[in-house]
Amino acid sequence: MSSTQVLIAEIDGLEHATDAATLRLKSRDFFWFSPLLKPQLDDCRAEISVRPHSVDEVMRLASAAARTRTPITVRGGGTGNYGQAVPLKGGIVLDMGALDQVIEVKPAVGTFAAGATMLEIDKALAPHGQELRFYPSTRKQATIGGFVAGGAAGAGSCTWGQLSDAGAVLAVEVVTVEEAPKLLKLEGPDVLKVLHAYGINGIIVSVTVPLAPAHPWAERMIAFDTLEAAARFGQAFTEADGIAKKLVSVFDPRIPPKLGRLGRKVPEGKAAAIIMVAEPQAAAMEDMARAHGGEIVFARDAEGAQMAAFEGKGEVGPLYEYTWNHTTLHALKRDPAITYLQLRFPPDSNLEVMGRLAEHFGDEMLMHLEFQRRFGRATFSALPLVQFTSEARLREIMAETEALGAQVSDPHTYVLNNAGWKRVDAPQPEFKRQADPYSLLNPGKLAE
Ligand code: FAD
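Residues numbered from 1 in each chain as written. Predicted model: local features only at pLDDT ≥ 70, side-chain atom pairs only at ≥ 80, totals over all residues. Heavy atoms only, no water.

The name that an unreviewed UniProt entry assigns to the chain is FAD-binding oxidoreductase, with the source organism given as Roseibium limicola.

Below is the structure:
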């Protein structure tokens, strides 16, 4: 019997698939965003896809994998863009999609099964008058477990910060990969043991996060004469503490033409901002935008915005699906020679450093800013579009960017501890010995 047949016998009764089409689909994520990762990961395949329907089934699978020493790559929505969910060493791809229950909702806190998508969670929270504080622009496909294990920030981060902030994730339940797997609950700072660990430190089966009061989020797109004017408005609006906001994204004038039907609403040569603002305060935001020279080119009320997000209805998709790494996706569809970087700016000189980069790189870098609160300050990170010519030039661009004062996190590596500020946090290696003693979880993602 092959090792896969032995495993299948061990997991008798669990939903699984071994056909080539399913294995291809479940072995891929959005690594192809990177021209460097694409050739490295295109042919990687799991040998079996298993879809558990309960925590007990996850534990049975973990036990079988430990006994047969079979690698496991956990998969949520498969929307990671660094190949995080690509199995490098075959084995099992563990599809968490059927563990999608809302486990508990209380005032200001909710617990969700790890495979629940962020959009389905928000739909379930709406009747409670609550919502997730922030979600990635992949809200529709991304799972809450995958976000905790592989994501960072998103729509809502202009108000609520990012996943790595204390209190952003209150608890997780994790299954260990041993002959007799354990179900561990990590709370408070212990959550760091699995946060952004690419699923190498245990199988997350539930996530508890704080919730925010739901607001009716209206959408606007605003045109500005220059990137600088749009960025100054973004900064002032993010700092406007009296206005509830969910999204503040700013684009260089060369980006709107890459944003399809929505982008065409921006007059040629103009920079733009995409905003989600509490509907009763939209007028106050618009006054601020006009004071910065802005012209409203697209407006949708909160009901229309929610229909676009919840029901897929409307002239254009929800505006957050044009921001964060969706901007890169839209651009790549129209210009495959483009790639991207992930940058952080020093809060005291973010606009100045942005100006330096724009001047230095000219047509090689198209600036795209996402405003965030970081450590109590309003600032931005960036996902600039970059003309790709060669790996050598891309590496030079990263070095020159750092020299000009921004911090680069390399999105062109699948290795967790090679990516700039994404370091393996102190409690993680120690916890790995406990949660994955045979190093079966997502092998190859951690440089030894
Ligand atoms: P997957 O891609 O399935 O997995 C991500 C990682 O987590 C993998 O290493 C996987 O092994 C691990 N994992 C998944 N589930 C579990 C689990 N239950 N237990 C243990 N490990 C697990 N990211 C952002 O942070 N913000 C954004 O706004 C954003 N926008 C994006 C836009 C586009 C177009 C794309 C392609 C990506 C974007 N991303 C963004 C990246 C990605 O969508 C998010 O990080 C998302 O939250 C990942 O969730 P997922 O369920 O798809 O995870």
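Attention now moves to the sheet that holds strand 1 (residues 15–17). Reading across from one edge, 1-2-4-3 is the order of the 4 strands in this open sheet, with mixed pairing throughout. Edge positions in the sheet fall to strand 1 and strand 3 (72–75), since each has one partner strand and no second. Strand-to-strand twist across the sheet, computed as the mean angle between neighbouring axes with direction ignored, equals 25 degrees. Where strand 1 and strand 2 (residues 48–51) come together, 3 bridges link them in antiparallel fashion. (Pairing = 2+ DSSP bridges. Helix = DSSP H or I, 4+ residues; strand = E, 2+ residues; numbered from the N terminus. Axes fitted to C-alpha atoms, helices over the stretch in contact; angles between N-to-C directions.)

With that out of the way, let us pick up the site of the ligand. Lining the immediate surroundings of the ligand are 37 residues, of which Val74, Gly77, Thr79, Thr143 and Ala153 lie closest. Here Gly76 contributes a backbone N or O atom positioned 2.7 Å from an oxygen atom of the ligand. Between Gly77 and the ligand, the recorded distance is 2.7 Å, taken from a backbone N or O atom to an oxygen atom. In the complex, the protein chains occlude 97% of the 970 Å² of accessible area that the ligand would expose alone. (Near = heavy atom within 4 Å. Polar contact = N/O pair within 3.5 Å; in protein donor to acceptor, adjacent residues only side chain to side chain. Areas by Shrake-Rupley, 256 points an atom, 1.4 Å probe, with all protein chains shown as cover.)

Okay, the nonpolar core next. Counting 101 residues, the largest nonpolar core has Ile72, Leu132, Val172, Ile203, Ile204 and Met221 as the members making the most contacts within it. Looking at this core element by element, the count peaks at 7 residues for helix 4 (residues 55–68). Contacts of Met221, omitting those with residues within four sequence positions, involve Leu259, Leu262, Val266, Ala272, Ala273, Ile274, Glu295, Ile296, Val297, Phe298 and Leu319. By size, the runner-up hydrophobic cluster in this structure holds 42 residues, among which are Ile243, Phe361, Met365 and Val386. (Core = buried A, V, L, I, M, F, W, Y, C linked by side-chain atoms within 4.5 Å. Buried < 20%, exposed > 50% of the residue type's maximum accessible area, 1.4 Å probe, protein only. Contact = heavy atoms within 4.5 Å.)

Within the fold, Thr328 resides in helix 12 (residues 325–334). Relative accessible area serves as the criterion here: at 0%, Thr328 is assigned to the buried category. Setting aside residues up to four positions removed in sequence, Thr328 forms contacts with Phe33, Tyr340 and Leu385.

Next up on the list: the pairing of strand 10 (residues 203–213). The element strand 10 is extensively covered by neighbouring structure, given that 10 of its 11 residues are classed as buried. As judged from the 5 bridges shared by strand 6 (residues 109–113) and strand 10, these two strands associate in the antiparallel manner. If you follow Gly110 over to strand 10, its bridge partner there is Val209. Bridge count for strand 7 (residues 130–132) against strand 10 is 3 bridges, and the pairing is antiparallel. The partner of Glu131 across the bridge, within strand 10, is Ala212. Inspection of the sheet shows strand 8 (residues 171–175) paired to strand 10 by 5 bridges, in the antiparallel sense. Considered in strand 10, the bridge of Val172 is made with Val207.

This next bit is on the pattern of salt bridges. One pass over the full model with this rule turns up 32 salt bridges. Glu219 is paired through a salt bridge with Arg300; the nearest N and O atoms lie 2.7 Å apart. Of this pair, Glu219 sits in strand 11 (residues 217–224) while Arg300 sits in strand 14 (residues 295–300), and the two are 81 residues apart along the sequence. The exposure class assigned to Glu219 is buried, which follows from its relative accessible area of 1%. For Asp348, the salt bridge identified is with Arg377, shortest N-O distance 2.6 Å. Pair noted here: Asp348 is in the loop between strand 16 (342–344) and helix 13 (350–361) and Arg377 is in strand 19 (residues 377–382), with a separation of 29 residues, a long-range link. In this structure Asp348 comes out as exposed when scored by relative accessible area, which is 67%. In this structure, a network of salt bridges that share partners links the residues Glu15, Lys26, Arg51 and Asp95. (Salt bridge = Lys/Arg side-chain N within 4 Å of Asp/Glu carboxyl O.)

Looking now at the packing of aromatic side chains. Summed over the entire model, instances satisfying the criterion amount to 10 aromatic pairs. The interplanar angle of 85 degrees and the centroid separation of 5.9 Å between the aromatic rings of Phe30 and Phe33 together place this pair among those described as edge-to-face. Given the relative accessible area of 26%, Phe30 is considered partly exposed. Among the aromatic side chains, those forming a connected cluster through ring pairs are Phe30, Trp32, Phe33 and Tyr340. One Lys or Arg, Arg69, reaches over the ring of Tyr438 and ends 3.6 Å from the middle of that ring. The positively charged end of Arg139 is found above the aromatic ring belonging to Tyr135, 4.1 Å away from the centroid. (Phe/Tyr/Trp six-rings, centres within 6.5 Å; stacked < 30°, edge-to-face > 60°. Lys NZ or Arg CZ within 6 Å of the ring centre and 35° of its normal.)

Direction vectors running N to C along helix 1 (residues 3–10) and helix 4 enclose 145 degrees, while the axes themselves pass 10 Å from each other. Once helix 1 is placed against helix 4, the crossing between them reads as right-handed. Every residue of helix 4 that contacts helix 1 at Val6, Leu7 and Glu10 is listed here: Arg60, Ala64, Ala65, Arg67 and Thr68. Classifying every residue of the contact of helix 1 with helix 4 gives 4 nonpolar, 1 polar and 3 charged. (Left-handed = near helix turned anticlockwise from the far one by under 90°. Nonpolar A, V, L, I, M, F, W, Y, C, P; charged D, E, K, R; others polar.)

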